[in-house]
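As a plain string of letters, each chain reads:
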Amino acid sequence: MKKLAILAIALISLQITAQDKKEDRKDLRKERVEKMKNISAEDMAQLQTKKMTLHLDLTEAQQKKIGELNLRDAKVRKAKMEKRAKERQETKKRSQEELIKMKNERLDKQIAKKKEMKSILNADQFEKWKKMQAKKDMHMKKRKMQGKKHRKHDRREKKN
């Protein structure tokens, strides 16, 4: 009987800590989103350019060109973030055609950026940049898959 009571207490405490972590993740995500809203496009571009300078050993001319490229991308990204925030408030769902159009646009932009980076960077720097992009893509895929697991789990809890 004692063993059953101890086992029950252990399971309950495990369940409570698991729920706390899920709430913490949601709070951290909201906090991160709020911080990103407050950063200007110019600041985002500057930070990204400095990171690239450290990783790729950019020259002054390369820094200037990449800084302009990052600024342009940051302005577009900032506008899209604001648009998504509005859509989220309106709880607007995207249609299949909209999703496909968005994915095509994103891929076209990635192709264009790759061409621009190839023209700016030397061969070694370009290889490093491609590796950085691949690592970043894998990280994003991993986060996306984790998000899907959590959303699936949340839906199950709502049904019960």
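Just above, that's the structure.
In what follows, the accompanying structure is described. (Residues numbered from 1 in each chain as written. Predicted model: local features only at pLDDT ≥ 70, side-chain atom pairs only at ≥ 80, totals over all residues. Heavy atoms only, no water.)

A closer look at a positive patch on the surface
Condition: A patch consists of residues whose relative accessible area exceeds 30% and which take part in no salt bridge; residues with like charges are grouped when within 9 Å of each other, and nonpolar side chains (Val, Leu, Ile, Met, Phe, Trp, Tyr) when within 5 Å. For the area figures, the Shrake-Rupley method with a 1.4 Å probe applies, and any residue is considered shielded solely by the protein chains shown. We count a salt bridge whenever a side-chain nitrogen from Lys or Arg sits within 4 Å of a carboxyl oxygen from Asp or Glu. Positive charges come from Lys and Arg, negative ones from Asp and Glu, while His and the chain ends are left out of the count. By convention, charge coordinates are those of NZ in Lys, CZ in Arg, CG in Asp, or CD in Glu. Strands are runs of DSSP state E lasting at least two residues, helices are runs of H or I lasting at least four, and both sets are numbered from the N terminus onward. With a 1.4 Å probe rolled over the protein chains alone, any residue whose accessible area is under 20% of its type maximum counts as buried; one over 50% counts as exposed, and the rest are partly exposed.
Together, Arg29, Arg32, Lys80, Lys83, Arg84, Arg88, Lys92, Lys101, Lys109 and Arg143 line one region of the surface with positive charge. Elements represented by at least two residues in the positive patch include exactly helix 1 (2-38), helix 3 (60-90) and helix 4 (96-120). At 4 residues, the largest contribution of residues to the positive patch is made by helix 3. Here Lys83 lies in helix 3. Here Lys83 falls in the exposed class, since its relative accessible area comes to 53%.

Observations regarding unusual backbone geometry
With a phi close to 55 degrees, Asp57 is a non-glycine residue in the positive phi region. Within the secondary structure, Asp57 is located in the loop between helix 2 (41-56) and helix 3. For Asp57, a relative accessible area of 55% translates into the label exposed.

Thoughts on the pattern of salt bridges
A full pass over the atoms with the stated rule returns 3 salt bridges. In this structure, Lys113 engages Asp73 in a salt bridge whose closest nitrogen and oxygen atoms are separated by 3.3 Å. Pair noted here: Lys113 is in helix 4 and Asp73 is in helix 3, with a separation of 40 residues, a long-range link. Across the pair Lys130 and Glu127 runs a salt bridge whose closest N-O atoms are separated by 3.5 Å. Of this pair, Lys130 and Glu127 are both found in helix 5 (residues 123-159), 3 residues apart, which corresponds to roughly one turn of the helix. Of the residues examined, Lys130 reaches a relative accessible area of 32% and is grouped as partly exposed.

Observations regarding the environment of Gln46
The residue Gln46 is located in helix 2 in this model. Given the relative accessible area of 44%, Gln46 is considered partly exposed. Spatially, the C-alpha atoms of Gln46 and Glu68 are 9.4 Å apart, while their sequence positions differ by 22 residues.

Some points on the packing of aromatic side chains
Selection rule: Under the pairing criterion, centres of Phe, Tyr and Trp rings, with the six-membered ring standing for Trp, must be within 6.5 Å; the plane angle then separates stacked pairs below 30 degrees from edge-to-face pairs above 60, leaving the rest tilted.
Enumeration according to the criterion identifies 1 aromatic pair in this entry. Judged by centre distance (5.8 Å) and plane angle (25 degrees), the ring pair of Phe126 and Trp129 falls under stacked. With Phe126 and Trp129 both in helix 5 and 3 residues apart, the pair spans about one turn of that helix. In terms of burial, Phe126 and Trp129 fall into one category: buried.

Some thoughts on helix 2
Heads up, the condition is: One less than the number of residues in a helix, times 1.5 Å, gives the span that helix is expected to have.
For helix 2, which comprises 16 residues, the first-to-last C-alpha distance of 22 Å matches the rise-based estimate of 22 Å (1.5 Å per residue) to within 8%. Those residues of helix 2 lying buried are Ala41, Met44, Ala45, Thr49, Met52, Thr53 and Leu56. Once helix 2 ends, the next one or two residues include Asp57, with phi positive near 55 degrees.

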